[in-house]
Protein chains: 2
Amino acid sequence: MRSPAFVLVRPQMGENIGASARAMWNFGLDRMRLVAPRDGWPNEKAVPLASGAGRVLDQAQLFGTTAEAIADCTHVYGTTARQRDLTKRVITPAEAMAEARDLCAAGKGVAFLFGPERTGLENDDVAQVNTLISVPVNPEFASLNLAQCVLLLGYEWLKTVGDGVLTATPSVVDVDMADHAEINALANHYEARLDEAGFFYPPEKAPGMKTNLRNMWARLPLTRADVQMLHGMLRQLLRPRD
Amino acid sequence: MRSPAFVLVRPQMGENIGASARAMWNFGLDRMRLVAPRDGWPNEKAVPLASGAGRVLDQAQLFGTTAEAIADCTHVYGTTARQRDLTKRVITPAEAMAEARDLCAAGKGVAFLFGPERTGLENDDVAQVNTLISVPVNPEFASLNLAQCVLLLGYEWLKTVGDGVLTATPSVVDVDMADHAEINALANHYEARLDEAGFFYPPEKAPGMKTNLRNMWARLPLTRADVQMLHGMLRQLLRPRD
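Residues numbered from 1 in each chain as written. Chains lettered and ligands numbered in written order. Predicted model: local features only at pLDDT ≥ 70, side-chain atom pairs only at ≥ 80, totals over all residues. Heavy atoms only, no water.

Caption draft 1: How the structure looks around the interface of chain A and chain B. In this assembly, 58 residues from chain A lie in contact with 57 residues from chain B. Inspection of the region where chain A meets chain B yields three salt bridges. The residue B:E156 makes a salt bridge to A:K159 at a minimum N-O spacing of 2.5 Å. Across the chain A-chain B interface, the total number found is 16 residue pairs in polar contact (both at pLDDT 80 or more). Broken down by secondary-structure element, the contributors of at least two residues to the side of chain A that touches chain B are α1 (14–26), α5 (93–105), α7 (146–162), α8 (180–196), α9 (206–219) and α10 (224–237) of chain A. Looking at side-chain class alone, the side of chain A that touches chain B contains 35 nonpolar, 14 polar and nine charged residues. (Contact = heavy atoms within 4.5 Å. Salt bridge = Lys/Arg side-chain N within 4 Å of Asp/Glu carboxyl O. Polar contact = N/O pair within 3.5 Å; in protein donor to acceptor, adjacent residues only side chain to side chain. Helix = DSSP H or I, 4+ residues; strand = E, 2+ residues; numbered from the N terminus. Nonpolar A, V, L, I, M, F, W, Y, C, P; charged D, E, K, R; others polar.)

Caption draft 2: View of the sheet that holds strand β2 (residues 32–35) of chain A. All names here are of chain A. The strand order across the open sheet formed by seven strands is β3-β2-β1-β6-β4-β7-β5, and the pairing between neighbours is parallel. Each end of this open sheet is capped by a strand with a single partner; those strands are β3 (61–63) and β5 (90–91). As paired strands, β5 and strand β7 (residues 131–134) are joined by two bridges and run parallel to one another. Each residue of the ladder has a partner; that of V90, found in β7, is L132. (Pairing = 2+ DSSP bridges.)

Caption draft 3: Spatial organisation of the packing of aromatic side chains. The full count for this structure, using the stated rule, is 13 aromatic pairs over all chains. Aromatic pair A:F6 and A:F112: ring centres 5.6 Å apart, planes at 55°, arrangement tilted. Separated by 106 residues along the polypeptide, A:F6 in strand β1 (residues 5–9) and A:F112 in strand β6 (residues 110–114) bring together distant segments of the chain. The exposure class assigned to A:F6 is buried, which follows from its relative accessible area of 0%. Given a relative accessible area of 0%, A:F112 falls into the buried group. Taken together, a centroid distance of 5.0 Å and an interplanar angle of 45° make the contact between B:F6 and B:F114 tilted. Of the two residues, B:F6 sits in strand β1 (residues 5–9) while B:F114 sits in strand β6 (residues 110–114), which places them 108 residues apart along the sequence. Summarising the burial analysis for this pair, B:F6 and B:F114 share the class buried. In this structure, A:R55 packs its charged tip against the face of A:W25, placed 4.4 Å from the ring centre. (Phe/Tyr/Trp six-rings, centres within 6.5 Å; stacked < 30°, edge-to-face > 60°. Buried < 20%, exposed > 50% of the residue type's maximum accessible area, 1.4 Å probe, protein only. Lys NZ or Arg CZ within 6 Å of the ring centre and 35° of its normal.)

Caption draft 4: The pairing of β6(B), seen in detail. Residues and elements named next belong to chain B. Burial of β6 is extensive: five of the five residues sit out of reach of the surface. Of the two faces of β6, both are covered, the one formed by V110, F112 and F114 as well as the one formed by A111 and L113. Two elements, strand β4 (residues 75–79) and β6, share four bridges in a ladder whose sense is parallel. Across the sheet, the residue bridging to Y77 is F112, located in β6.

Caption draft 5: Layout of the confidence of the model for chain A. Residues and elements named next belong to chain A. Confidence in the prediction of chain A, expressed as mean pLDDT, is 88, and 91% of residues score 70 or more. Put simply, helix α6 (residues 123–126) is where chain A has its lowest mean pLDDT, 86, and β2 is where it has its highest, 98. Counting contacts from residues 164–173, a segment whose pLDDT is below 50, to residues more than four positions away or on other chains yields 10 contacts. Across the interfaces of the predicted complex, the ipTM metric reaches 0.74, alongside a pTM of 0.78. (pLDDT = per-residue confidence, 0-100.)

Caption draft 6: Expanded view of the environment of B:P136. Structurally, the position occupied by B:P136 is in the loop between β7 (131–133) and α7 (146–162). Taking C-alpha positions, B:P136 is 7.6 Å from B:T92, a pair spaced 44 residues apart along the chain.

Caption draft 7: Examining the packing of α8(A) against α9(A) more closely. Residue and element names in this part refer to chain A. Between α8 and α9, whose axes approach to 10 Å, the crossing angle comes to 145°. The element α8 and its partner α9 pack so that their crossing is right-handed. Residues I183, N184, L186, A187, N188, Y190, E191, L194 and D195 of α8 lie in contact with α9, whose contacting residues are K210, L213, R214, W217 and A218. Among the residues forming the contact of α8 with α9, the class breakdown is eight nonpolar, two polar and four charged. (Axes fitted to C-alpha atoms, helices over the stretch in contact; angles between N-to-C directions. Left-handed = near helix turned anticlockwise from the far one by under 90°.)

Caption draft 8: Examining the sheet that holds strand β3 (residues 61–63) of chain B more closely. Residues and elements named next belong to chain B. The seven strands are arranged β3-β2-β1-β6-β4-β7-β5 in an open sheet whose pairing can be described as parallel. Two strands in the sheet have a free side with no partner beyond their single neighbour: β3 and β5 (89–91). Between one strand and the next, the sheet's axes are offset by a mean angle of 25°, whatever the strand orientation. Packing of helix α5 (residues 93–105) onto the sheet brings it into contact with β1, β4, β5, β6 and β7, and relative to β6 it is tilted by some 150°.

Caption draft 9: Here's a closer look at unusual backbone geometry. Each neighbour pair has its own omega, and for A:W41 with A:P42 the value is 0°, a cis peptide bond. Mapped onto the fold, A:P42 is located in the loop between β2 and α2 (46–49). Following B:Y201, the chain continues to B:P202 via a peptide bond in cis, the omega torsion being -5°. Mapping B:P202 onto the fold places it in the loop between α9 (180–196) and α10 (206–219). Even without a glycine there, the phi angle at A:R10 is positive, about 45°. Relative to the elements of secondary structure, A:R10 occurs in the loop between β1 and α1. Taking relative accessible area as the criterion, A:R10 reaches 29% and is therefore assigned partly exposed.

Caption draft 10: Structural detail: the pattern of salt bridges. Taken as a whole, this structure holds 30 salt bridges over all chains when the rule is applied. Salt-bridge contacts for A:D125 lead to A:R10; the nearest nitrogen and oxygen are separated by 2.8 Å. Highlighted residues: A:D125 in helix α6 and A:R10 in the loop between β1 and α1, separated in sequence by 115 residues. Between B:D179 and B:R224 there is a salt bridge whose closest N-O contact spans 3.9 Å. Of this pair, B:D179 sits in the loop between α8 (170–173) and α9 while B:R224 is found in helix α11 (residues 224–237), placing the two residues 45 residues apart along the sequence. Connected via shared salt-bridge partners are A:E156, A:K159, B:E156 and B:K159.

Next up, the structure:
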């Protein structure tokens, strides 16, 4: 599946182009397009900030106008912080990426526009997009920079297409949990030694105390290794000292 | 509703502390805690990067150790990029924030730990968290910096609380769970008595064994009553017999 293009419209600082490349590649995105960068292209200042994501810069495509940069795209999204007078659908990053995933899977050309650092997208650019994306921020303090905005959109992209595939997190299923026979043996071991040590006292409370303790062992998510350790602890604590 | 604390553990560069403050405040988060920042605190270098979010820096609380920084919290999440050998639940930022929202709404103390720039959280810190958070990234290129990680977590927080509707998960929220000061005291109690009993043997394996044990205590969903019982069991087991 072809990933969406991230189009930086008239970016000012080379450093921000580099940081954006790096933010993109963190989430597996490598199709950067540049519209009339202020300081020309290529720009040496972009290189250090892109460290490790140089391939995104090397492959970046340069365009003179926004219209040219999105000419081959059927669906174009614009990121914006300001409220706009233009009547246009506004959705969240997550909603946009769910759409973009389906569009990309269907072979459509999809682009995301990011405006210049100071001003954001101008109305001429906004007029060309199909849909606006509004990133939820603190209404008292909305100061995302360009690379941060790219980062959040990239993150939502990978969340959407990844859905568990890319994060190799050991699921609960993979962990070697103790089975009930092992938990029971552990409970018996502790109960017997505690009984000998006079823990279940007074006698009329002993049954309730034993139930509480068994309930705790059963409720805790103990692994096989935990159970071995808990057996070993008890044995060692009760070993006669030299 | 009180928001979660974001705890920067041994951050190195003041600039990154400033950028993290700004990332937090973008999403309405203002409870920053600092554990032993490398260059001391306050740090002038943090100020320019926090521009506009100075109040987050001004209100930041300083602690000597991770344990002190999370002592009043019942639920602590650790952010990590590396795979860990420690057995611990691993969830996504969105899942973590959905839980954190419910916990905060129920008045629980919630903290998110972020490790030092170069190394991330050390095993000693990871051993103290209840749950790990794994941010989905490109497996070929995972290079999120500290402030970017803070940004993504903050973004998920605002997305979650922005939804407005509180989904009640009584299992996690209503039970009277032990806080980290209590878990820590329990871990200390067992570690001290097991040390005296010669459990941590041979000496070269002792640090790893202690980490494993602390990791187990932190990971288990222990209630206040469980902790009392576990203290009582240990005391009674070691009482001299008649």
